[in-house]
Amino acid sequence: MEGFLVSKTLFCACELGVFEQLHESQRPLSVSELAVSLGCSEDGTERLLNACVSLELLNANTDPHGTVVYSNTEMSSVFLTKSSPTSLFHSIEYSSRTIYLCWHYLNDAVREGKNQYEKAFGVNSKDLFEALYRSDEEMVKFMHLMNSIWNICGRDVVTAFDLSPFRCICDLGGDFFKDELPQADLYILARILHDWTDQRSVELLAKIYHSCRPGGGVLLVESLLYEDDSGPLTAQLYSLNMLVQTEGRERKASDYSRLLNAAGFTHVHIHHTGKIYDAILARK
Ligand code: ASE
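Residues numbered from 1 in each chain as written. Predicted model: local features only at pLDDT ≥ 70, side-chain atom pairs only at ≥ 80, totals over all residues. Heavy atoms only, no water.

This paragraph deals with the domain arrangement of the protein. Segmenting the protein into domains produces domain 1 (3–79) and domain 2 (89–283). At the interface, seven residues of domain 1 touch eight residues of domain 2. Overall, the association of domain 1 and domain 2 removes approximately 770 Å² of surface from exposure, summing both partners, and the carbon and sulfur fraction of that is 69%. One can count one salt bridge joining domain 1 with domain 2. A salt bridge links arginine 97 to glutamate 15; its shortest N-O distance comes to 2.5 Å. Our count for the contact surface shared by domain 1 and domain 2 stands at two residue pairs in polar contact (both at pLDDT 80 or more). The element contributing the most residues to the side of domain 1 that touches domain 2 is helix α1 (residues 3–16), with six residues. Residue composition of the side of domain 1 that touches domain 2, by class: five nonpolar, no polar and two charged. (Domains from an automatic or database assignment. Contact = heavy atoms within 4.5 Å. Buried area = accessible area lost by both parts, 1.4 Å probe. Salt bridge = Lys/Arg side-chain N within 4 Å of Asp/Glu carboxyl O. Polar contact = N/O pair within 3.5 Å; in protein donor to acceptor, adjacent residues only side chain to side chain. Helix = DSSP H or I, 4+ residues; strand = E, 2+ residues; numbered from the N terminus. Nonpolar A, V, L, I, M, F, W, Y, C, P; charged D, E, K, R; others polar.)

Our focus in this paragraph is helix α6 (residues 89–103). The terminal C-alpha atoms of α6, which comprises 15 residues, lie 20 Å apart, in line with the 21 Å expected from a rise of 1.5 Å per residue. The largest bend in α6 is about 40 degrees, located at serine 95. (Expected span 1.5 Å × (residues − 1). Bend = angle between axes of the 7 residues up to and from the residue.)

Looking along a regular strand, one sees the side chains alternate between the two faces of the sheet. As judged from the two bridges shared by strand β1 (residues 29–30) and strand β3 (residues 68–72), these two strands associate in the antiparallel manner. Across the sheet, residue leucine 29 finds its bridge partner in β3, namely tyrosine 70. Bridge analysis of strand β2 (residues 58–62) against β3 gives five bridges, and the strand direction is antiparallel. For threonine 62, the partnering residue across the bridge sits in β3 and is valine 68. As consecutive antiparallel partners, β2 and β3 are separated by five residues, and within that stretch glycine 66 has a phi angle of approximately 85 degrees, a positive value. (Pairing = 2+ DSSP bridges.)

Next up, the structure:
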């Protein structure tokens, strides 16, 4: 019921720079020191910091003068500071600035069965990526989002299969429905098909099949639903997010097999990582 209060507390602390300030100061800071450096009220800062302590995002200790001082927990240092190699800062920022606003219209998305850019941002959503990239700033934020998750999930998906037979690898991005595709042995489609309908997905896969060298393949990286629709919860929630934000959905392994086969690919292998993103390899 109140999960969003927790999310907003995290968003707020990240965006105001609480974890960054504590990281840079290299010593624990008091409420008044943090309030000054963040340019925030002392009262608001104190409430925010104390909620973060209970969420185990911050440590609170009393210094020799009897002043309460705050420092990052191990988890905050690892995931919430911008400079950490495993930083999720950009994913959190995108959740706060974009996803949270779209989810305000989840009821409408479920009723209408379509994304909610028009209501949330006043942009026409006829061309999905014109809506996603509605300003240069928004495009950069989306790119950061797309990159930042691989800080924690990248290793599992690129080591799911032996990719050493593939000499030339194309990580698909750009305007791939319009542009000519480069020739490659392996095409990686990471969180691409979940943006699109079955029909558009098969269209794209067939175009890839055409450019793919014989013996080559395609590696899909997506958050897979179980075959009986019972979970995982993260994939189910992401599928709702695809409803409010895109033209696609999260799918089961059997759905991806069907789309791959329809485009000509065979030998579909599924690898469940047990984390957010799974891997599917198919061959031409
Ligand atoms: C897309 C991926 C995402 C398009 C829009 C998106 C993500 C968020 N918005 O290809 C990343 C996955 N996270 C969620 C909450 O779905």
